[in-house]
Amino acid sequence: MYSCSLAIDATRTRVIATGDVVQPPRWDDTPNGRRPVAGSTAVDEETGQPINLIGVLLPTGQNGEKETHTVRVCSYEVPELPEFEPVEFDGLQALIRPAKTGKGIELYLSADAVRVASASAKPAPAAKDTAPKDVA
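Residues numbered from 1 in each chain as written. Predicted model: local features only at pLDDT ≥ 70, side-chain atom pairs only at ≥ 80, totals over all residues. Heavy atoms only, no water.

A. Molecular detail of the confidence of the model for the chain. Predicted confidence across the chain gives a mean pLDDT of 83, with 85% of residues reaching 70 or more. This model gives residues 121–131 a pLDDT under 50, and the stretch forms 1 contact once residues within four places in sequence are excluded. (pLDDT = per-residue confidence, 0-100. Contact = heavy atoms within 4.5 Å.)

In C-alpha cells:
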C-alpha cells in the first residue's frame, strides 16, 4: 500500500472551525474484541498527549467549495474554538492513502497546534498594478 505525507502552508488557505472538538475514547483489545474504555481518552503513541479531533471547513470541493474535514491535534488542553471563525494551525500535515474499501483515497489531517486566527492573518488581497503608465 502506498501513502503520501505532505506539509501544508496553512497561511495560503482560509481554515474555518465548525466549533466541534471531540476527544475520542481509548480502545482496548479484549477477549471479546476491541472495546472503548469508559471515561478514558485516546492518547498519541509518540507524545502520550490526549488526541483532539477538530472539525473544520476547507475549500477542497469542486470549484473550491468548502467541505468538512477533521484535523487531529494532540494537546493536554481541549481547544475552545468559536463556530465558523477562522483558525490557524501550526505544522499542518496531510496524509493521503488508498481507502480501506479499495475505492478512492482517504485524507488524514494533523497539526501540532491550533488557535483562533489573528486579524492580521487574513489572506492579503491581490496586489494591484501601481506602476506608472507610459503615455506616448
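B. View of the environment of Thr18. Relative to the helices and strands, Thr18 resides in strand S2 (residues 15–22). Note on Thr18: relative accessible area 11%, which makes it buried. For the pair Thr18 and Val87, spaced 69 residues apart in sequence, the C-alpha separation works out to 10.0 Å. Those residues within four positions of Thr18 in sequence are excluded, and the remaining contacts are Gly55, Val56, Leu57, Glu83 and Phe84. (Helix = DSSP H or I, 4+ residues; strand = E, 2+ residues; numbered from the N terminus. Buried < 20%, exposed > 50% of the residue type's maximum accessible area, 1.4 Å probe, protein only.)

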